[in-house]
Amino acid sequence: NDLAINDPFVPLWPKLLPTLLQVLDITLRVWHPEFQATFLQNNIQRYALAISDDEAYLAMKQESSVGGVFGEGGTAGSIISGTDRRDMNLTPKWAGWFNELRNNCFQLLGLLCSQRVLYAPEISSLFPRLVSIITNQEHLRSMEHRHFNQCLKQFIEMMMLSCPAPLYQSHLTPILGPIFEHLQLRFQYSWGPILGTGGLSIDSTKPLFSNNCADAANQLAREGMESWLISYYARGGLFVGDLNSVTAEAMVEKTRVDLTRTFSDMIQTVLALKGGWALVLANKAKEEQAGKKNDYSKLNFGPKSQICVTSGPTNADGTKRTLAQLHVDARKIHRIDKLCHFLLLENEQIAGYLVLTMIQCLQYPDAYTCRRCTRIVHRTLETVAWVDRYTELLGYRLFSVAVKAIISEPKWMVGIEWDMINIIRDIYGRLVLGQYFLPGGQGPGLQQNRIASNPVRFEQAKAVDTPLLGGGILQTPSDFPRRVLMEIGMSQGDIVTLENSLLESRSAKDQKEVLRDLLRVAADKTKGQNGLLERAGKEESLLHQNTRKPDVTALPEKLVTYSMVKKKEEKNVGPDHSDGPWHGNLF
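Residues numbered from 1 in each chain as written. Predicted model: local features only at pLDDT ≥ 70, side-chain atom pairs only at ≥ 80, totals over all residues. Heavy atoms only, no water.

Caption draft 1: How the structure looks around the overall build of the chain. For the chain, the helix and strand inventory stands at 21 helices and four strands. Across the 587 residues in the chain, those meeting the buried criterion constitute 48%. The long-range share in the chain, meaning contacts at least 24 apart out of those at least 6 apart in sequence, stands at 71%. Looking at the chain as shown, the accessible area adds up to about 29200 Å², and 55% of this sits on carbon and sulfur atoms. (Helix = DSSP H or I, 4+ residues; strand = E, 2+ residues; numbered from the N terminus. Buried < 20%, exposed > 50% of the residue type's maximum accessible area, 1.4 Å probe, protein only. Contact = heavy atoms within 4.5 Å. Areas by Shrake-Rupley, 256 points an atom, 1.4 Å probe, with all protein chains shown as cover.)

Caption draft 2: Layout of the side chain of Thr-369. Here Thr-369 shows up in helix H15 (residues 367-384). Contacts of Thr-369, omitting those with residues within four sequence positions, involve Thr-260, Arg-261, Ser-264 and Cys-361.

Caption draft 3: Layout of the pattern of salt bridges. Taken as a whole, this structure holds 20 salt bridges when the rule is applied. Here Arg-146 ties to Glu-144 by a salt bridge, and the two come within 2.5 Å at their closest N and O atoms. Residue Arg-146 shares its accessibility class with Glu-144, and that shared class is buried. Ionic pairing is found between Arg-261 and Asp-366, a salt bridge with its closest N-O pair at 2.7 Å. (Salt bridge = Lys/Arg side-chain N within 4 Å of Asp/Glu carboxyl O.)

Caption draft 4: Examining the packing of aromatic side chains more closely. Scanning the model with the defined rule gives 12 aromatic pairs in all. Relative to Phe-263, the ring of Phe-187 lies with its centre 5.6 Å away and its plane at 70 degrees, an arrangement referred to as edge-to-face. Here Phe-187, found in helix H8 (residues 168-195), pairs with Phe-263, found in helix H11 (residues 245-270); they are 76 residues apart in sequence, far enough to count as distant. For the pair formed by Phe-187 and Phe-263, the shared burial category is buried. Geometrically, the ring pair formed by Tyr-189 and Tyr-233 is stacked, given 6.4 Å between the ring centres and 15 degrees between the ring planes. Note that Tyr-189 is positioned in helix H8 and Tyr-233 in helix H10 (residues 225-234), a separation of 44 residues in sequence. Just above the ring of Trp-191 sits the side chain of Arg-256; from NZ or CZ to the centre is 5.5 Å. It is Arg-372 that lies over the ring of Tyr-368; its NZ or CZ is 3.6 Å from the centre. (Phe/Tyr/Trp six-rings, centres within 6.5 Å; stacked < 30°, edge-to-face > 60°. Lys NZ or Arg CZ within 6 Å of the ring centre and 35° of its normal.)

Structure below.
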C-alpha cells in the first residue's frame, strides 16, 4: 500500500506475478535439450528455435541507406529461404514472437524490482517460486547467450541496484550464487575454442544450419548432455536456419562478445564504476573539492567541457541537481558500500565465482571487456587485498594472468597495456611491498611502516574498511607474485632490484616504467602466437616503445609550399601558343 502511493500499478503485482512466472517457466523450458532434440529434427518446428531476421540484420555491418531488414541487402527471408514474416506464413514469425515473449518477461521482472515490489511483504509467498525458476539449472544451462544477455541486463542488474541493503542475504544470495557459478562455466566453454583451450577446435564455434541441425540432435542422444553443452556454448546456442555462413559466424561472435560485455558493464554499474551510482560518487568528490577550496559556487557549475545551462546546484555531469536527489544520493552511498562488501566478502559462492570470472575476462580477446574488467579488478583489490583467503587467488592467479597478458603482447591488447601494468603494480604494492593507492590504482604508492614489535608485518592502512578511499594491504607480505616473476625467468637478484626501485620511486609513472622495463626482458624470451592471438609487432608494442627509432624525416631548412610550387611552374611556362596549330606542343 505504501508503494502504491507513488505508482498505481503496484497493487496489480500479486495478481499478475503468478501468471508471469508460469509464462517465463514454460518459455525457457522450450530450449531444454530434450525439446531441442525433437524440434531440430522436424523440418518446420526447428525454426521456433532459430534467430529472427532482425537479429541477423543487427549482426551485419550495414549502412543506414540499405533500407533495413526488408531493404536491398537486408536479411528478410534469409533464415527460412523464400519466406519472411510479411508473408501469410506463421513459421517465420515464431522467432520474433519468442524473443518478445521472453524479453517482456525479463523486463517485467526488472520493473518488479525497480518499483521495489519484490521486497514487499505481500510478495514474500511468491519469492521462492521466482527463485526456483530463475535459478533452475536446466533453465540456466539451456539458455542461449542472447537469452542470458537479456536476463542479466533487464533483471539481475535491476535487482542488485534496487534491493535494500538489509535484504541482500535473503533476496540476492539465493539468485546471484547460482547465476555467477553458471556464468563462470559458460564463459569458459564459450571462449575456450578461441583461446585454444578445452579441446574444441575453432570450427566448433560455427552455428547450426538447417542442413546440419539434425546431426546436433543426434549428438545429444549419442554423447550425452555434458558433451553437448560444451559445443552448445561454443556456438552460443545459435540455430541460424538458411543464413549465409559469413553473417552466421558474425552472429556467433556478436552473441559471445555481447554477453561478456553485458556482464562487465553490469558489475561496473553495481560497484559504482559507471552509471547512476558512479555519478553519486562524482558529486561527492565535487563537494569535497569545493569544501577544500572553500568555494561552494563550484557546485553550481558542471564540467568545464560543457556549457552550463542550468541554475543552482548541478551534478558532476552538468545536469540539474534537485533537493530530492540530495536525500536519495545519501541512501545510495550507503548501499554502494554495503553491496560491494556483500558481493566480495559475505558469501563465498558469490565472491569466488565473481572474482574467478573477472580473472578469466582479462584473457579474452576483446579490448572493451578487458579494459572494463581492469577497473573492476582495482575495486576488488581495494576491498579484499587485506583478506588472507584471497591471497592465492589475487597474488598468483590474477597476477600471472596480468603478467602473461603483457609479456605475450597479444595484438588485440594494443592500447590497454598501461591498464594491465597498473594492475600488476596494484597487486605487487598491496600484497608484497605494503603500499596502497588511491581508488582505481591511481596516485603514488602510499607506504605503510613495519610493525616495530614484528618487523615482518606492515601496519594496516587506515582506509582498510573504506575501499572508496583506497582500501587496505596484506599485512604479511606474500611470495606468490615473486614466484610468478621467477617462473617467467627473473632471478632473485632481479626481483630484489625491482622491489628496491618500487620502494625508492613511488610515483605512478616511475613505478610503471620500472615494471615495463622488467617485463620487456621476459617478453623478449617468449615466442609469438599465431592466428587470432597474433603477437603485436615492435612498432605497436608498448614494451619496446623506447627502443624504436623515429621514422619521421627531418623538415627541409627552407619550407616549400604548394603556392610557391605553382608560381614557379607559371614562370617556367613557355611562350603563348594559342594562335598555333591545334596540337600545340604535342609534336
